[in-house]
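The residues making up each chain are set out below.
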Amino acid sequence: MNWTLATPEIVLGIAGLLILAAGVIPKKETFFPVSMAVIGAFVLTAVLVIGQGEGTAFLGQYVSDAFSRFAKVLILLGAALGVVLSLDFNEKAGIGRFEYAVLMLFATTGMLVMVSANDLMSLYIGLELLSLSLYVIAAFDRDNPRSAEAGLKYFVLGALASGLLLYGSSLVYGFAGSTNFDRLADALGGGTTSLGLVVGLVFVLAGLCFKISAVPFHMWTPDVYEGAPTPVTAFFATAPKVAAIALLMRVLAGPFGDLAAQWSQVIWVASVGSMLLGAFAAIGQRNIKRLMAYSSIGHIGYALMGVAVASDIGLRGVLVYMAIYMVTSIGTFAVLVAMRRNGRALEEVDDLAGIGRTDPAMAMWMAVFMFSMAGIPPLAGFFGKLYVFLAAVQGGYWVLAAVGIGTSVVATYYYLRIVKVMYFDTGTAPLDARPAGLTVVMGATGIATVLFFLFPAPIIAAAEVAITAIAG
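In this text the structure is predicted, and so the values were computed from the model without any measurement.

1. Points about empty space enclosed by the protein
Next, step 1: Scanning the model with the defined rule gives five cavities of 30 Å³ or more in all.
Next, step 2: In this structure, the largest cavity occupies an estimated 80 Å³ of space.
Next, step 3: Contributing to the lining of the largest cavity are His299, Tyr321, Ile324, Tyr325, Thr328, Ser372, Met373, Gly381, Gly384 and Lys385.
Next, step 4: Listed by contribution, the elements that provide at least two residues to the lining of the largest cavity are α14 (312-337), α16 (360-374) and α17 (380-394).
Next, step 5: The element best represented in the lining of the largest cavity is α14, accounting for four residues.
Next, step 6: In this structure, the second largest cavity encloses a volume near 60 Å³.
Next, step 7: For the second largest cavity, the full set of lining residues is Met114, Leu127, Leu130, Leu134, Tyr154, Lys211, Trp220, Phe236, Pro240, Lys241 and Ala244.
Next, step 8: Among the elements of the structure, α5 (120-138) and α11 (239-253) are those that each provide at least two residues to the lining of the second largest cavity.
Next, step 9: A class-by-class count of the residues in the lining of the second largest cavity yields nine nonpolar, no polar and two charged.

Printed below as a string of structure tokens:
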């Protein structure tokens, strides 16, 4: 049992326990030093992930390969930046408690376990460690009724999704005789597939689609995004999405790869539904966090397009798309976290009015992120969509590609509306000065979004190698 393969998760877990103890012992508030320690733990874990070997551990329940390394580096980057976004906001909102960063650390540990899961049981353990942490941080602003409501809604619906996933796993085990991915792949490679196994797979897919907020399991997303503190929403929209999509890809391309004809139809429906809902439901939104919730549902629809194609090109496109989407989302939420006037956090689209004149740097970066999400060249978002649309066309999924292009055009309206409000509407008063950390995050993600077209090769090559590990 080569447990040393799981060194990144073990180190991160032990670091979490030590940081938790260090946060409890002092009598004074330790939010900032604990947050810095958590970011340090993420950096250390990322270094360990990059140097991670390949193989399986814990009797085949854990796997380390190029795919898991790619996803883990993205997850750790998103989690670290998520902590950075919370530093100033939580202090001003009166929720600057050290448990916040520790919960994010344990959520991240769960995500790392998820993407290295090689068994339905280890998949569930990682997913639950992530979910339990997210339930708490969604309701972290406990004196705010909206935050408490967000946590409760996410908990109730998350428990339902966990039940669906477990029920599907039990059916798969009953009809295939194993929960291990390698043995499932061998058992399903014979050709004939029982109806019970397909039903079990559909239930597993339902549980995973809840985590990525794909239609029709999206109903929690707008309320939780709006109610949770803005840095929590930023975290929800980035690292957990990458982890859940990576997990979905590993499950479908690995053990259930021979059932592509069955699961591809389910993913096709989820993809079309997510793109349509994300495009049209966001048009009338006035709250920018709620708008971003519907936007994220639409983006998951584009990512699922590559999964539905069930080819190496499609899956590679999904990884590139999620990497670009995560960076753009973090930059967007850095702007939302910085939206304060007279010490009060702002959430309405109209609150951005006039910042093109009062804060031209922030308005410029927000415009870059909006244009990128709309898929306008030569920004990174255009290339993300290009890769999944090309995969759909090459795979013969013309309807999927047509829906994707149509919904992209519709979605451009509400992204451009934000730019119009910033530059052409008259504002009331300038926003409060923002901390340097937010400026750095905006600038770094903005530059990456603008200059991606000059240096796409490293991301594309890494995604190519990662896909070979699960589909090759």
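2. Regarding the packing of α11 against α14
Each pair of packed helices gets described by two things: the angle between the helix axes and the distance between those axes.
Next, step 1: Viewed as axis vectors pointing N to C, α11 and α14 meet at an angle of 175°, and their least axial separation amounts to 10 Å. Here α11 lies roughly antiparallel to α14, going by the angle between them. For the pair α11 and α14, contact is made by Lys241, Val242, Ile245, Met249 and Ala253 and by Leu315, Val318, Leu319, Met322 and Met326, respectively.
Next, step 2: Class assignment for the residues of the contact of α11 with α14 results in nine nonpolar, no polar and one charged.

3. Description of the packing of aromatic side chains
Next, step 1: Enumeration according to the criterion identifies 15 aromatic pairs in this entry.
Next, step 2: Both rings, one in Phe58 and one in Tyr62, keep their centres 6.4 Å apart while their planes meet at 80°; by these two values the pair is edge-to-face.
Next, step 3: Classification of Tyr62 as buried rests on a relative accessible area of 6%.
Next, step 4: Between the aromatic rings of Tyr154 and Phe236, the centroid separation amounts to 5.2 Å while the plane-to-plane angle is 75°, which identifies the pairing as edge-to-face. Taken together, the residues span a long stretch of sequence, with Tyr154 in helix α6 (residues 145-176) and Phe236 in helix α10 (residues 230-237) at a distance of 82 residues.
Next, step 5: What makes Tyr154 buried here is its relative accessible area of 2%.
Next, step 6: Classification of Phe236 as buried rests on a relative accessible area of 3%.
Next, step 7: In this structure an aromatic cluster arises from ring pairing among Tyr135, Tyr154, Phe155, Phe210, Trp220 and Phe236.
Next, step 8: Looking at Arg340, its charged tip hangs above the ring of Phe89, at a distance of 4.9 Å from the centre.

Conventions adopted
- The residue count restarts for each chain, going from 1 along the sequence in the order it is written.
- Residues qualify for local features only when their pLDDT is at least 70, as the model is predicted, and side-chain atom pairs are given and counted only at 80 or more; totals for whole chains, interfaces and linings, by contrast, use all residues.
- As a convention, hydrogens and water are excluded, and side-chain values are obtained from all of the structure's heavy atoms.
- Cavities and pockets are found on a 1 Å grid laid over the protein atoms alone: a cavity is a set of points where a 1.4 Å probe fits but cannot escape, a pocket is an open set with protein on both sides within 12 Å along at least five of seven lines, and a lining residue has an atom within 4 Å of such a point.
- Grid points are joined across faces, edges and corners, and a volume is the space filled by probe spheres set on the points.
- Only DSSP runs of H or I with at least four residues qualify as helices, and only runs of E with at least two residues qualify as strands; both kinds are numbered from the N terminus onward.
- Charged means Asp, Glu, Lys or Arg here, nonpolar means Ala, Val, Leu, Ile, Met, Phe, Trp, Tyr, Cys or Pro, and polar covers whatever is left, Gly included.
- Structural elements are reduced to axes, namely lines fitted to C-alpha atoms, with helices fitted over the stretch in contact, and the angle between N-to-C directions of any two is expressed from 0 to 180 degrees.
- Reported orientations rely on four angle classes, namely roughly parallel under 35 degrees, roughly antiparallel over 145, roughly perpendicular from 65 to 115, and oblique for the rest.
- We call two residues in contact whenever any of their non-hydrogen atoms come within 4.5 Å of each other.
- Each pair of aromatic rings taken from Phe, Tyr and Trp, with Trp reduced to its six-membered ring, is defined by centres within 6.5 Å and is described as stacked if the planes are under 30 degrees apart, edge-to-face if over 60, and tilted in the remaining cases.
- For each residue, the accessible area found with a 1.4 Å probe, counting protein chains only, is set against the maximum for its type, and the residue is called buried under 20%, exposed over 50%, and partly exposed in between.
- Note on geometry: a ring has a charge over it if NZ (lysine) or CZ (arginine) is within 6 Å of the ring centre and within 35 degrees of the ring normal.

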